[in-house]
Amino acid sequence: MSVIAANLQAVNQRIAAAAQQAGRQPGDIALLAVSKTVSADRVRAAAEAGQLAFGENYVQEGVEKIAALADLRSRLQWHFIGPLQSNKTRLVAEHFDWVHAIDRLRIAERLSAQRPAGMAPLQVCIQVNISGEASKSGVAPADVPALAQAVAALPGLRLRGLMAIPEPEDDPVAQRRPFAAMRALLDGLREGGLDLDTLSMGMSGDMEAAIAEGANLVRIGTAIFGARG
Ligand SMILES: *Cc1c(COP(=O)(O)O)cnc(C)c1O
């Protein structure tokens, strides 16, 4: 078995164990393989090992990889998970299936307008600044409901839920706090009438805590592809 296939198996086992611990079904948690800085050949190896959803952070790199793997396009799901500038929205709208880091209405409006008519709506999440650090991107929790209502009304998009990158934290108990706050925020939006199903949270170092608090899409890079250079 290749290293990537073995790593994927180990990550899927971690997800299954965390789900079981939380009384959840492993099949309810989707694995997004974060392939930023990873070559198209190694992404292909992951796809051959059965991994079909990939996350990219940089527009140009992502678009090039999607082109290099065009023969697999109908089977793969490409997620744009990095911060997005307004001059790059068109490429993302034309090539990706999902965008995780919506943090202002202007970006969402551009993506909606630029989504080609023949394609399914772009699936999107709003990024929440759940740890409240000044340096991190994302919307303040208090501003999420208004943005969510506005994004949900855009015809080229389908709002699926929320995404967060909490401040790194080693203590597993402390790791759970921001994830619990994310779940409460999503529950509040659903009570407000929005049809949402996605909590995109959990990375290589905190996926167990995220799954314990209801994550259903974990974004894993290092544990699959190794440390980035
Ligand atoms: C790089 C990245 C990840 C993956 O992080 P790892 O610690 O390598 O698992 C997840 N989400 C986002 C937004 C990232 O930029």
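Keep in mind that what you see is a predicted model, and the values were worked out from it rather than measured.

### Quick notes on unusual backbone geometry
Phase 1: Look at Thr37: it is not a glycine, yet its phi comes out positive at around 65 degrees.
Phase 2: For Thr37, a relative accessible area of 51% translates into the label exposed.

### Points about the pairing of strand 2 (residues 53–56)
Phase 1: Residue alternation in strand 2 divides its side chains into two sets, Ala53 and Gly55 and Phe54 and Glu56, and both sets are buried.
Phase 2: You can see the chain leave strand 1 (residues 30–34), run along helix 2 (residues 40–48) and come back into strand 2, and the turn it takes is right-handed.
Phase 3: As judged from the four bridges shared by strand 2 and strand 3 (residues 77–80), these two strands associate in the parallel manner. When the bridges of strand 3 are listed, Gly55 appears paired with His79.
Phase 4: Crossover connection from strand 2 via helix 3 (residues 59–68) to parallel strand 3: handedness right-handed.

### Digging into the site of the ligand
Phase 1: Surrounding the ligand, one finds 13 residues, the nearest of these being Lys36, Asn57, Ser204, Arg219 and Thr222.
Phase 2: Contacts to the ligand include Asn57, whose side-chain N or O atom sits 2.7 Å from an oxygen atom.
Phase 3: Contact between the ligand and Arg228: an oxygen atom at 2.8 Å from a side-chain N or O atom of the residue.
Phase 4: Contact with the protein chains covers 89% of the free accessible surface of the ligand, which is 390 Å².
Phase 5: In the shell around the ligand, the residues fall into six nonpolar, four polar and three charged.

### Focus: the packing of aromatic side chains
Phase 1: In the structure shown here, the tally under the stated rule is two aromatic pairs.
Phase 2: Here the aromatic rings of Phe80 and Phe96 are separated by 5.4 Å at their centres, their planes lie at 75 degrees, and the arrangement is edge-to-face. Placement of the pair is Phe80 in strand 3 and Phe96 in the loop between helix 4 (89–95) and strand 4 (98–102), with a sequence separation of 16 residues.
Phase 3: Owing to a relative accessible area of 0%, Phe96 belongs among the buried residues under this scheme.

### Topic: the UniProt feature "modified residue: N6-(pyridoxal phosphate)lysine" (unreviewed entry) in the chain
Phase 1: As recorded in UniProt, the sites labelled "modified residue: N6-(pyridoxal phosphate)lysine" (unreviewed entry) are Lys36.
Phase 2: Tracing the backbone shows Lys36 in the loop between strand 1 and helix 2.
Phase 3: Looking at Lys36, the relative accessible area reads 17%, which means it is buried.
Phase 4: Setting aside its immediate chain neighbours within four residues, Lys36 contacts Gly55, Glu56, Asn57, Tyr58, Glu61, Lys65 and Arg228.

### What about the environment of Met207?
Phase 1: The residue Met207 is located in helix 8 (residues 207–212) in this model.
Phase 2: In the structure, Met207 is positioned 32 residues away from Gln175 in sequence and 9.5 Å away in space, judged by C-alpha atoms.
Phase 3: Not counting the four nearest positions on each side in its chain, Met207 is found in contact with Val11, Arg14, Ile15, Gly202, Val218 and Ile220.

Procedures and definitions
Residues numbered from 1 in each chain as written. Predicted model: local features only at pLDDT ≥ 70, side-chain atom pairs only at ≥ 80, totals over all residues. Heavy atoms only, no water. Buried < 20%, exposed > 50% of the residue type's maximum accessible area, 1.4 Å probe, protein only. Helix = DSSP H or I, 4+ residues; strand = E, 2+ residues; numbered from the N terminus. Right-handed = clockwise from strand over helix to strand, strands pointing away. Pairing = 2+ DSSP bridges. Near = heavy atom within 4 Å. Polar contact = N/O pair within 3.5 Å; in protein donor to acceptor, adjacent residues only side chain to side chain. Areas by Shrake-Rupley, 256 points an atom, 1.4 Å probe, with all protein chains shown as cover. Nonpolar A, V, L, I, M, F, W, Y, C, P; charged D, E, K, R; others polar. Phe/Tyr/Trp six-rings, centres within 6.5 Å; stacked < 30°, edge-to-face > 60°. UniProt positions renumbered as here; feature names shortened; annotations may be inferred. Contact = heavy atoms within 4.5 Å.

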